[in-house]
Amino acid sequence: MATSAYREPLPHHIPAIKSGANCARCPLVNESCGPVAGVGPANAQLLVVGDYPEGPEVDAGRPIETDWSTLRRLLSGVSFRVVNSIACYPAPDLKTARKIWKRNKAGSAEEACLDLLRNELSAFGGHAILALGEHAMAAVAKCYGVTVGRGAKERSGDKRLAAHGTQRGHPFRLPDGKWLLPSYPPKHKRRAPHWYGAIVDDIKNAAHLAKGGDVIPDPDWIYRPTLETILDWCFKSRASGQPVMVDIETAGLDSASQIRCVGLGQEGLPIIIVPRFQIDGTPYWTQRDLDKVDSHLRVLHDSTPLQFQNGYFDTRLLLHQGLMTNRRKTWQDLKDLHRNSRESDCSHKLASISSRFALVELWKGDVDHKALEYDDAELTPEQKEQREYEYHLYCARDIDLQMRSIRGVVCWQAEDLA
Ligand code: SF4
């Protein structure tokens, strides 16, 4: 491993240097481990960005050589260009190499190679970028000036990528309008075979976006229903006897936390978000009307088959606050179904499960109640109204994804039993 950040580049680095790489400051410059140049047409529809080349890629002189045939198969019909966010192999792996570079004050290949990727991104004229790996996603985000992960003070409208494990499978609209879809490289299946189905879906979704496709639209939903609309919805729902998907938004996590709204979804009916309290704690209804709303909800919850994502939390609050009285009630739980499915080893978070059944942006970080607590007082009435709308839309989207996901997981189970 090189110990200097200022070594003279070898002649075979000249093309990379001409394309923006700062090889003279890179700890990999004299390691005989690259660079491996990008492959594919300059006017490709899709840009595939990998983490870095390894032995097979360096030997073949082609980025993502190990996964080349898989990419060709899954991306048939789409022209794509493949590059790595670091053009040389930081053997034995990036994590170990980083420690050595830090110890030796040798600079960083990630920094030195960033302008090479930046120039690739600038020249790319297609619709979608598929980032195959955590570092690839972080490097693309850095080139675009997009933050990754949750900050201490998020505000409404902040556009940031979630951590790679959460963002995986969810496209992100970059500042120039292109889609970034993070996933893992197909070879990840050697270490984590349970992720392979999701990776295949992600690559197919990237092809869809590259061809000008879009994410799925928001569901039909009812915002701020009247008492009559709530009563009518509950009546139709109980008459049909179909399961009702329930999701609550709350002011906190303990049993006494105010339930701000209750989202309800059932096949054949638009999703309805029943408001109870506004984000600042103000009641949405008069006490008399709130009692009526709660009564409709109580009857519905007690008399209809229910579905939840992690219903242990929701039912605890519903029971504690009298919006449900039957303590013996059982329900169908997406999280439990997923735990017992073919993807039992994958994450059971809604963001991860739903990426298999719906191509949607990840919205949770923007309007989660945890992000609302400290900035609400600073908002104008119009901004508050917008936040209320976003909050309820967030709940409606969750209901939609939970319904799609529960259908999908039940289908998997039926297929596996057949
Ligand atoms: S990783 Fe990039 S900057 Fe470093 S030597 Fe290779 S091409 Fe040059």
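Residues numbered from 1 in each chain as written. Predicted model: local features only at pLDDT ≥ 70, side-chain atom pairs only at ≥ 80, totals over all residues. Heavy atoms only, no water.

## Here we look at the sheet that holds strand 1 (residues 46-50)
For step 1, the next point in the chain: Spatially, the five strands line up as an open sheet ordered 2-1-3-5-4, and their pairing is mixed. The strands lining the two open edges of the sheet, one partner per strand, are strand 2 (80-84) and strand 4 (172-173).
For step 2, the next point in the chain: Strand direction decides the pairing type here: strand 3 (residues 128-132) and strand 5 (residues 179-183), joined by five bridges, are parallel. Within strand 5, the position partnered with Ala131 by the bridge is Pro182. (Pairing = 2+ DSSP bridges. Helix = DSSP H or I, 4+ residues; strand = E, 2+ residues; numbered from the N terminus.)

## Quick look at the site of the ligand
For step 1, the next point in the chain: In the vicinity of the ligand, the residues found are His13, Ala16, Ala21, Cys23, Cys26, Val29, Pro35, Ile86, Ala87, Cys88, Ala112 and Cys113.
For step 2, the next point in the chain: Class assignment of the residues belonging to the shell around the ligand gives a composition of eleven nonpolar, one polar and no charged. (Near = heavy atom within 4 Å. Nonpolar A, V, L, I, M, F, W, Y, C, P; charged D, E, K, R; others polar.)

## Side note on the environment of Glu111
For step 1, the next point in the chain: Here Glu111 lies in helix 5 (residues 109-112).
For step 2, the next point in the chain: With 54 residues separating them in the primary sequence, Glu111 and Glu57 have C-alpha atoms 21 Å apart.
For step 3, the next point in the chain: Within the local environment of Glu111, its side chain forms a polar contact with the side chain of Lys142, the two groups lying 2.4 Å apart. (Polar contact = N/O pair within 3.5 Å; in protein donor to acceptor, adjacent residues only side chain to side chain.)

## Some remarks on the confidence of the model for the protein chain
For step 1, the next point in the chain: The predicted model of the protein chain has a mean per-residue pLDDT of 91, with 93% of residues at 70 or higher.
For step 2, the next point in the chain: Low confidence marks residues 366-371, where pLDDT is under 50. Its contacts with residues over four positions away, or in another chain, come to 20 contacts. (pLDDT = per-residue confidence, 0-100. Contact = heavy atoms within 4.5 Å.)

## A short note on the domain arrangement of the protein chain
For step 1, the next point in the chain: Domain annotation of the protein chain identifies domain 1 (11-210) and domain 2 (221-417).
For step 2, the next point in the chain: Look at where the C-alpha atoms of domain 1 and domain 2 centre, and you get two points 37 Å apart. (Domains from an automatic or database assignment.)

## Some details on the sheet that holds strand 9 (residues 271-275)
In sheet architecture, strand pairing relies on hydrogen bonds along the backbone and comes in two forms, parallel and antiparallel.
For step 1, the next point in the chain: An order of 6-9-8-7-10-11 is seen for the six strands of this open sheet, with the pairing classed as mixed. On the outer flanks of this sheet lie strand 6 (221-222) and strand 11 (332-333), each paired with one strand and no other.
For step 2, the next point in the chain: Looking at chain direction, strand 10 (residues 306-308) and strand 11 are connected through two bridges and run parallel. Each residue of the ladder has a partner; that of Phe308, found in strand 11, is Asp333.
For step 3, the next point in the chain: Contacting strand 6, strand 7 (244-250), strand 8 (259-265) and strand 9, helix 10 (residues 227-240) runs over the sheet at an angle of about 130° to strand 9.
For step 4, the next point in the chain: Against the sheet, helix 17 (residues 381-417) contacts strand 6, strand 7, strand 8, strand 9, strand 10 and strand 11, and its axis sits at roughly 145° relative to strand 7. (Axes fitted to C-alpha atoms, helices over the stretch in contact; angles between N-to-C directions.)

## Here we look at the side chain of Gln167
For step 1, the next point in the chain: With respect to the helices and strands, Gln167 occurs in helix 8 (residues 164-167).
For step 2, the next point in the chain: The class of Gln167 is buried, set by a relative accessible area of 2%.
For step 3, the next point in the chain: With residues up to four places along the chain from it excluded, the contact list for Gln167 reads Met137, Leu161, Ala162, Phe172, Pro182 and Leu362. (Buried < 20%, exposed > 50% of the residue type's maximum accessible area, 1.4 Å probe, protein only.)

## Brief notes about the pattern of salt bridges
For step 1, the next point in the chain: All told, the structure shown has 21 salt bridges when counted by the stated rule.
For step 2, the next point in the chain: Among the ionic pairs, Asp202 bridges to Arg168, the shortest N-O distance being 3.0 Å. Of the two residues, Asp202 is situated in helix 9 (residues 196-210) and Arg168 in the loop between helix 8 and strand 4; the sequence distance between them amounts to 34 residues.
For step 3, the next point in the chain: For Glu388, the salt bridge identified is with Arg224, shortest N-O distance 4.0 Å. With Glu388 in helix 17 and Arg224 in the loop between strand 6 and helix 10, this residue pair connects regions lying 164 residues apart in the sequence.
For step 4, the next point in the chain: Given a relative accessible area of 6%, Glu388 falls into the buried group.
For step 5, the next point in the chain: Taken together, the shared-partner salt bridges connect Asp201, Glu343 and Arg356 into one network. (Salt bridge = Lys/Arg side-chain N within 4 Å of Asp/Glu carboxyl O.)

## Let's talk about the nonpolar core
For step 1, the next point in the chain: One finds Leu46, Val48, Leu71, Leu75, Phe80 and Leu130 to be the most contacted residues of the largest nonpolar core, which totals 29 residues.
For step 2, the next point in the chain: The set of elements that each furnish at least two residues to this core consists of strand 1, helix 3 (68-74), strand 2, strand 3, strand 5 and helix 9.
For step 3, the next point in the chain: The leading source of residues in this core is helix 9, at eight residues.
For step 4, the next point in the chain: In contact with Val48, not counting residues within four places along its chain, are Ile64, Leu71, Leu75, Phe80, Arg81, Val82, Val83, Leu130 and Leu132. (Core = buried A, V, L, I, M, F, W, Y, C linked by side-chain atoms within 4.5 Å.)

## A short note on the pairing of strand 7
For step 1, the next point in the chain: For strand 7, the buried fraction is high: seven of the seven residues fall into the buried class.
For step 2, the next point in the chain: Side chains of strand 7 alternate between two faces, with Val244, Val246, Ile248 and Thr250 and Met245, Asp247 and Glu249 buried alike.
For step 3, the next point in the chain: As paired strands, strand 7 and strand 10 are joined by two bridges and run parallel to one another. Residue pairing across strands places Val244 opposite Leu306, the latter belonging to strand 10.
For step 4, the next point in the chain: Where strand 7 lies against strand 8, six bridges are found, and the strand directions are antiparallel. Bridge pairing in strand 8 places Asp247 opposite Gly263.

## Quick notes on the packing of helix 10 against helix 11 (residues 287-303)
For step 1, the next point in the chain: The geometry of helix 10 relative to helix 11 is characterised by a closest axis approach of 10 Å and an angle of 10° between their N-to-C directions. Considered as vectors, helix 10 and helix 11 are oriented roughly parallel to each other. Side by side, helix 10 and helix 11 meet where Leu227, Ile230, Leu231, Trp233, Cys234, Ser237 and Arg238 of the first sit next to Asp289, Lys292, Val293, His296, Val299, Leu300 and Ser303 of the second.
For step 2, the next point in the chain: Its residues assigned to classes, the contact of helix 10 with helix 11 comprises eight nonpolar, three polar and three charged. (Parallel < 35°, antiparallel > 145°, perpendicular 65-115°, else oblique.)

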